[in-house]
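# Coordinates in review
The lines below spell out each chain.
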Amino acid sequence: MSKKIYKEPIKAETETTINVIYDMEKLCIYTNKVGLQKQLNKLLGEPTKEYKIKRSITGSMWEIPFKDKTKISRMILKANIFEL
C-alpha cells in the first residue's frame, strides 16, 4: 500500500456530507477533511471514490449498503464526524 498524500482544504471550504439514498438502500459519506478521511479509511476501509488534484487526495467518498450494519454503527460510534 502506497502512502497517501492528502491536500488540506481551505477552512471555509471544509465539508462532510452524509446522504441516505433510500431507493438504492445505501449511505453515502463524502468528506474533504483530512483527519476524518484518515479515520474513516481505518474504520470503513478504502473509499469508493477518491477525488484528486495531481497526486494529492482532496476528498473521499464511501458508499455503505444498509445491510452492512456493523460498518454503519462503527462509523457513528467511533468516527469523530461531529467533532464532539
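Residues numbered from 1 in each chain as written. Predicted model: local features only at pLDDT ≥ 70, side-chain atom pairs only at ≥ 80, totals over all residues. Heavy atoms only, no water.

### Details of the pairing of strand β4 (residues 56-65)
This is how it is decided: Type-normalised accessible area, obtained with a 1.4 Å probe on protein chains alone, sets the label of each residue: buried when under 20%, exposed when over 50%, and partly exposed for intermediate values. By the criteria applied, helices consist of DSSP H or I runs no shorter than four residues and strands consist of E runs no shorter than two, each listed in order from the N terminus. Two strands pair if DSSP finds at least two bridges between them.
Most of β4 sits inside the fold, with 8 of its 10 residues counted as buried. Relative to β4, strand β2 (residues 26-31) is paired through 6 bridges, and the arrangement is antiparallel. Of the residues in β4, the one forming a bridge with Lys 26 is Pro 65. Of the pairings in the sheet, the one linking strand β3 (residues 49-53) to β4 comprises 5 bridges and is antiparallel in character. Bridge assignment links Ile 53 to a residue of β4, and that residue is Ser 56.

### Quick word on the sheet that holds strand β1 (residues 16-21)
The strands making up a sheet are joined through hydrogen bonds of the backbone, oriented either antiparallel or parallel. Cut-off, in case you're wondering: Here an angle of 0 to 180 degrees is reported between the N-to-C directions of two axes, which are lines fitted to C-alpha atoms, with helices fitted over the stretch in contact.
If you walk across this open sheet you meet the 4 strands as β1-β2-β4-β3, and the pairing is antiparallel. Both edges of this open sheet fall to β1 and β3, since each of them pairs with a single strand only. The average undirected angle you get between the axes of adjacent strands in this sheet is 15°. Here β1 pairs with β2 via 6 bridges, running antiparallel.

### Comments concerning the nonpolar core
The following threshold applies: Note on terminology: a nonpolar core comprises buried Ala, Val, Leu, Ile, Met, Phe, Trp, Tyr and Cys residues joined through side-chain atoms within 4.5 Å. Should any heavy atoms of two residues lie within 4.5 Å, those residues are counted as being in contact.
Judged by nonpolar contacts, Leu 27, Ile 29, Leu 36, Leu 40, Leu 43, Leu 44, Trp 62, Ile 64, Ile 72, Met 75, Ala 79 and Ile 81 together constitute the single largest core of 12 residues. No other element matches the 4 residues that helix α1 (residues 34-44) contributes to this core. Not counting residues within four places of it along the chain, the set of residues in contact with Ile 81 comprises Thr 16, Ile 18, Leu 36 and Met 75.

### Examining the environment of Ile 57
Following the sequence through the fold, Ile 57 ends up in strand β4. Here Ile 57 falls in the buried class, since its relative accessible area comes to 3%. Taking the C-alpha atoms as reference, Ile 57 lies 13 Å from Glu 46; in sequence the two are 11 residues apart. Setting aside its immediate chain neighbours within four residues, Ile 57 contacts Lys 4, Ile 5, Tyr 6, Lys 7, Gln 37, Glu 50, Tyr 51 and Lys 52.

### Regarding the packing of α1 against helix α2 (residues 69-78)
Two numbers describe a pair of packed helices, the interaxial angle and the distance between the axes. Here is the rule we go by: Crossing handedness: left-handed means the near helix sits turned counterclockwise from the far one by under a right angle, and right-handed means the same turn made clockwise.
Packing of α1 against α2 leaves a shortest axis separation of 10 Å and a crossing angle of 145°. The interaxial crossing formed by α1 with α2 has right-handed handedness. Facing Gln 39, Leu 40, Leu 43 and Leu 44 of α1, the residues of α2 in contact are Lys 71, Arg 74, Met 75 and Lys 78.

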